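Analysis of the macromolecular model
Chain by chain, the residues run as shown.
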Amino acid sequence: SSGINAEYGDPYFNYAKMAKAFIYIRECGAQYIATNLDLRFNVSKERIIPGTGSVIAGLTESLGVKPIVLGKPSPLMYEMISSDHKINDKTKVLMVGDNPLTDIQFAVNVGIDSALVLSGITPSDGLQDMNVKPTYILESVVDLMGDIPS
């Protein structure tokens, strides 16, 4: 069985590629797989560009089918990581990220604590609009340094 992997990183993504993926999925039975559903991607502190979720939105809507998501917020990623690294105690795991829709939702989906960092795509004035709540809110990942045991 073959699959179509949709991910951020193809600067030449265009209608022809989307149409080809559509045909493979709809007519040839290829699996529709996405690495994540991030709507935005931080290139730098000053610049945000469309992420995988934005790029594949047209394909998803036209197919009427959602992709299998292997990355955040899918529990599949946690299952693979915890199996590979023999992680059995979820209380020892902290998901750190800047995106409530993927990073924090991932933590909620797998039942682990989360820390939302405000140095990425989530501004401090956007906290009240979040549907999912992190365990901790940090200005930056640097704030974690004081809590690391020696």
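Now for a description of the structure that goes with this document. (Residues numbered from 1 in each chain as written. Predicted model: local features only at pLDDT ≥ 70, side-chain atom pairs only at ≥ 80, totals over all residues. Heavy atoms only, no water.)

Here we look at the pattern of salt bridges
Tallied over the full model, the rule gives 1 salt bridge. The salt bridge involving D103 is made with K72; its shortest N-O contact spans 2.5 Å. One end of the pair, D103, is in helix 4 (residues 100–110); the other, K72, is in the loop between strand 5 (68–69) and helix 3 (75–84), and 31 residues separate them in sequence. In this structure D103 comes out as buried when scored by relative accessible area, which is 3%. Relative accessible area serves as the criterion here: at 22%, K72 is assigned to the partly exposed category. (Salt bridge = Lys/Arg side-chain N within 4 Å of Asp/Glu carboxyl O. Helix = DSSP H or I, 4+ residues; strand = E, 2+ residues; numbered from the N terminus. Buried < 20%, exposed > 50% of the residue type's maximum accessible area, 1.4 Å probe, protein only.)

Thoughts on the side chain of S74
Considering the arrangement of structural elements, one finds S74 in the loop between strand 5 and helix 3. From its side chain, S74 meets the backbone nitrogen of L76 in a polar contact 3.1 Å long. In this view, S74 contacts V69 and F106; residues no more than four positions away in its chain are not counted. (Polar contact = N/O pair within 3.5 Å; in protein donor to acceptor, adjacent residues only side chain to side chain. Contact = heavy atoms within 4.5 Å.)

Some details on the sheet that holds strand 7 (residues 113–117)
If you walk across this open sheet you meet the 3 strands as 6-7-8, and the pairing is parallel. Pairing within the sheet leaves two strands with one partner each, and these edge strands are strand 6 (94–97) and strand 8 (136–138). In this sheet, neighbouring strand axes are inclined to one another by 20 degrees on average, regardless of whether the strands run parallel or antiparallel. In the packing of helix 4 onto the sheet, contacts are made with strand 6 and strand 7, and the angle to strand 7 comes to roughly 160 degrees. (Pairing = 2+ DSSP bridges. Axes fitted to C-alpha atoms, helices over the stretch in contact; angles between N-to-C directions.)

Looking at unusual backbone geometry
Here the residue pair K72 and P73 is connected by a cis peptide bond, since its omega of 5 degrees sits within 30 degrees of zero. When you line up the elements, P73 lands in the loop between strand 5 and helix 3. In this structure, K86 is a non-glycine residue whose phi angle is positive, near 55 degrees. With respect to the secondary-structure elements, K86 resides in the loop between helix 3 and strand 6.

A word on helix 2 (residues 52–63)
Between its first and last C-alpha atoms helix 2 spans 16 Å; for 12 residues at 1.5 Å apiece the expected length is 16 Å, and the two agree. Restricting attention to buried positions, one finds in helix 2 the residues T52, G53, I56, L59, T60 and L63. Taken end-on, helix 2 shows its buried residues confined to a sector of 125 degrees, consistent with a single buried face. Of the residues trailing helix 2, G64 is marked for its positive phi of about 75 degrees. (Expected span 1.5 Å × (residues − 1). Arc of directions from axis to C-beta.)

Read these as geometric descriptors, not functional statements.
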